[in-house]
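Notes for the structure review
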Amino acid sequence: MGRVGVLLLNLGGPDKLEDVQPFLYNLFSDPEIIRLPFSWLQKPLAWFISTRRSKTSQENYRKIGGGSPLRQITEAQGEALREQLAQIGEEANIYVGMRYWHPYTEEAIAQIVNDGIDELVILPLYPQFSISTSGSSYRLLEKIWQENSKLQQVKYSVIASWYKQPGYLQAMAELIAQELDQLENPDEGHIFFSAHGVPKSYVEEAGDPYQQEIEECTYLIMQTLNRSNPHTLAYQSRVGPVEWLQPYTEEAIEELAQEGVNNLVVVPISFVSEHIETLEEIDIEYREIAEEAGITNFRRVPALNVHPVFIQALADLTVDALKSPSISFAQVNQMKKKVKIYPPERWEWGITTSAEIWNGRVAMLGFLALMIEILTGHGLFHAVGLL
Ligand SMILES: C=CC1=C(C)c2cc3[nH]c(cc4nc(cc5[nH]c(cc1n2)c(C)c5CCC(=O)O)C(CCC(=O)O)=C4C)c(C)c3C=C
Ligand SMILES: [Fe+2]
Ligand SMILES: [Fe+2]
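These numbers come from a predicted model, not from an experiment.

Calculation rules
Residues numbered from 1 in each chain as written. Chains lettered and ligands numbered in written order. Predicted model: local features only at pLDDT ≥ 70, side-chain atom pairs only at ≥ 80, totals over all residues. Heavy atoms only, no water. Helix = DSSP H or I, 4+ residues; strand = E, 2+ residues; numbered from the N terminus. Buried < 20%, exposed > 50% of the residue type's maximum accessible area, 1.4 Å probe, protein only. Contact = heavy atoms within 4.5 Å. Areas by Shrake-Rupley, 256 points an atom, 1.4 Å probe, with all protein chains shown as cover. Polar contact = N/O pair within 3.5 Å; in protein donor to acceptor, adjacent residues only side chain to side chain. Near = heavy atom within 4 Å. Salt bridge = Lys/Arg side-chain N within 4 Å of Asp/Glu carboxyl O. Pairing = 2+ DSSP bridges. Right-handed = clockwise from strand over helix to strand, strands pointing away. Axes fitted to C-alpha atoms, helices over the stretch in contact; angles between N-to-C directions. Parallel < 35°, antiparallel > 145°, perpendicular 65-115°, else oblique. Left-handed = near helix turned anticlockwise from the far one by under 90°. Nonpolar A, V, L, I, M, F, W, Y, C, P; charged D, E, K, R; others polar. 1 Å grid on protein atoms, 1.4 Å probe; cavity = no way out; pocket = protein on both sides within 12 Å on 5 of 7 lines; lining within 4 Å. Points joined across faces, edges and corners; volume = space filled by probe spheres on them. pLDDT = per-residue confidence, 0-100.

Our focus in this paragraph is the overall build of the chain. Each helix and strand counted, the chain has 14 helices and 8 strands in total. Looking at the chain residue by residue over its 387 residues, the buried ones come to 54%. Partitioning the intrachain contacts of the chain with sequence separation of at least 6 by distance along the chain shows that 81% fall at a separation of at least 24. Put simply, the chain shows about 17,700 Å² of open surface, and 53% of that area lies on carbon and sulfur atoms.

In structure tokens form, the structure reads like this:
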């Protein structure tokens, strides 16, 4: 048997406050994150939005200690996975490939080539598939593969998504049960699943299976938990002016408060590590909204991080992937049938319009943005909520 490697894919986050703007620039430069009718607009707009957003974003990172804990947690997960695999006699090198910050996916791949890995398991740390997360990383990897002939000798298999994995469901159920059991009356806890949102058009126009996978995942966790508590699913972290998946977390919290719910147990569901959206958005922003709406007991279930049952689940996924026939990036796309990510198509924005009309609109928008800025002291993107 050859040398085995596991590549853990994740989003990445700024390690310190100075990293926030370049991190945001990388994120908004990705056409899977912001879709524009013209590729030439991508970089200038990414620069503009990242520069304008970075102050608010920095404030948020400051509140959680001045940077994202994502790198450190992902590396700890990798080390725990390596140990778990070694215990069952599977010696594997673990690599971390982030999409928008260090260690970048490109760096991880260079290391994989250097180490002479023969068999590679590609494991995204997103339980559910979305075009904007795993899909974006697969597209990048496909490009890297095409450009590097050495990689063509590496046998690789991609785990598309794994929200049904029994160990993962078990670990989630255990964490939820632990939190419920701290309530005076555990049966009264309202379980509130908060998933990271995506724009509605991703699901309805581009065929992103994300919403369906989130809904099924929630259902499976409730089944595994096997308790009679009521539950709700909502979507958090909306960015920008377009409609995202609904209901929005902040609105759903207020509605539950009005219905008299008093014990809320929030479960972050799209992500397996603590990060800014759990530590800042849920723990600070949503807690404040809940308390103002009259919810006196607001609790949050911790992220999985290095939960042993979860690490065992990652090891099981790896072993299964090594045993089963390889799945290529292209096959993943076929499995996620409706997703049009290969070739990198840009789906039409609303009504189909010609390039000239769009050019005109962009010029108008630029002019309008300037006028608003001069008149009000606030930019247009601030006005529509993007900054
Ligand atoms: C499964 C999880 C995630 C999905 C789906 C997702 C989609 C998505 N995100 C943005 C915009 C931003 N995301 C940001 C940070 C961020 N996003 C995720 C996860 C998902 N994103 C994580 C884990 C993080 C945090 C990393 C960390 O530092 O801990 C940010 C930056 C933070 C901020 O300024 O608020 C932005 C912006 C879009 C537009 C999108 C879908 C299209
Ligand atoms: Fe995000
Ligand atoms: Fe956010």
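Structure shown, so let's carry the discussion forward.
Counting through the fold element by element, glutamate 32 comes out in the loop between helix H1 (20-28) and helix H2 (42-63). Residue classification places glutamate 32 among the buried positions, given a relative accessible area of 1%. Sequence spacing of glutamate 32 and serine 136 is 104 residues, and the spatial spacing of their C-alpha atoms is 6.0 Å. Looking at glutamate 32, its side chain comes within polar contact range of the side chain of arginine 35, at 2.4 Å. Of note is the side chain of glutamate 32, whose polar atom sits 2.4 Å from the side chain of arginine 139.

What follows deals with the site of ligand 1. As a structural note, the neighbourhood of ligand 1 is formed by 28 residues, with Arg53, Ser57, Tyr61, Ser68 and Phe271 the closest of them. The separation between an oxygen atom of ligand 1 and a polar side-chain atom of arginine 53 is 2.8 Å. Here an oxygen atom of ligand 1 and a backbone polar atom of isoleucine 276 are 3.2 Å apart. Expressed as a share of its isolated accessible area of 800 Å², the protein-covered part of ligand 1 is 97%. Mapped onto the shell around ligand 1, the elements with two or more residues apiece are H1, H2, helix H5 (131-147) and helix H10 (276-292).

Counted according to the given criterion, the structure contains 16 salt bridges. Where arginine 300 meets aspartate 283, a salt bridge forms, and the shortest distance between an N and an O atom there is 2.8 Å. Of this pair, arginine 300 sits in strand E8 (residues 297-300) while aspartate 283 is found in helix H10, placing the two residues 17 residues apart along the sequence. Since its relative accessible area comes to 23%, aspartate 283 is described here as partly exposed.

On to the pairing of strand E4 (residues 155-158). As defined by bridge partners, strand E3 (residues 119-124) adjoins E4 across 4 bridges and the pair is classed as parallel. Bridge pairing in E4 places glutamate 119 opposite lysine 155. For the segment spanning E3, H5 and E4, crossover handedness is right-handed.

Take the packing of helix H4 (residues 105-114) against H5 next. In contact at an axis separation of 11 Å, H4 and H5 are set at 45° when each is read in the N-to-C sense. It follows from the interaxial angle that H4 and H5 lie oblique. When you trace H4 past H5, the crossing you get is right-handed. Between H4, through Thr105, Glu106 and Ile109, and H5, the contact on the second element is made entirely by Leu140, Leu141, Ile144 and Trp145. Among the residues forming the contact of H4 with H5, the class breakdown is 5 nonpolar, 1 polar and 1 charged.

Here the focus is empty space enclosed by the protein. Overall, the coordinates contain 3 cavities of 30 Å³ or more when judged by the stated rule. In this structure, the largest cavity occupies an estimated 60 Å³ of space. Lining the largest cavity we find 13 residues, and of these Met172, Pro268, Phe271, Ala303 and Leu304 sit closest to its centre. Elements with a contribution of two residues or more to the lining of the largest cavity: helix H6 (166-180) and strand E7 (263-268). Of the residues contributing to the lining of the largest cavity, the split by class is 12 nonpolar, 1 polar and no charged.

Looking at the chain, the pLDDT average stands at 89 and 86% of residues meet or exceed 70. Low pLDDT (under 50) marks residues 341-361, which in the prediction has 37 contacts with non-local residues, meaning those over four places away or in another chain. Confidence over residues 370-385 falls short of pLDDT 50; this stretch has 18 contacts with residues more than four positions distant or in other chains. The ipTM, which scores confidence in the relative placement of chains, is 0.92 for this predicted complex, and the corresponding pTM is 0.89.

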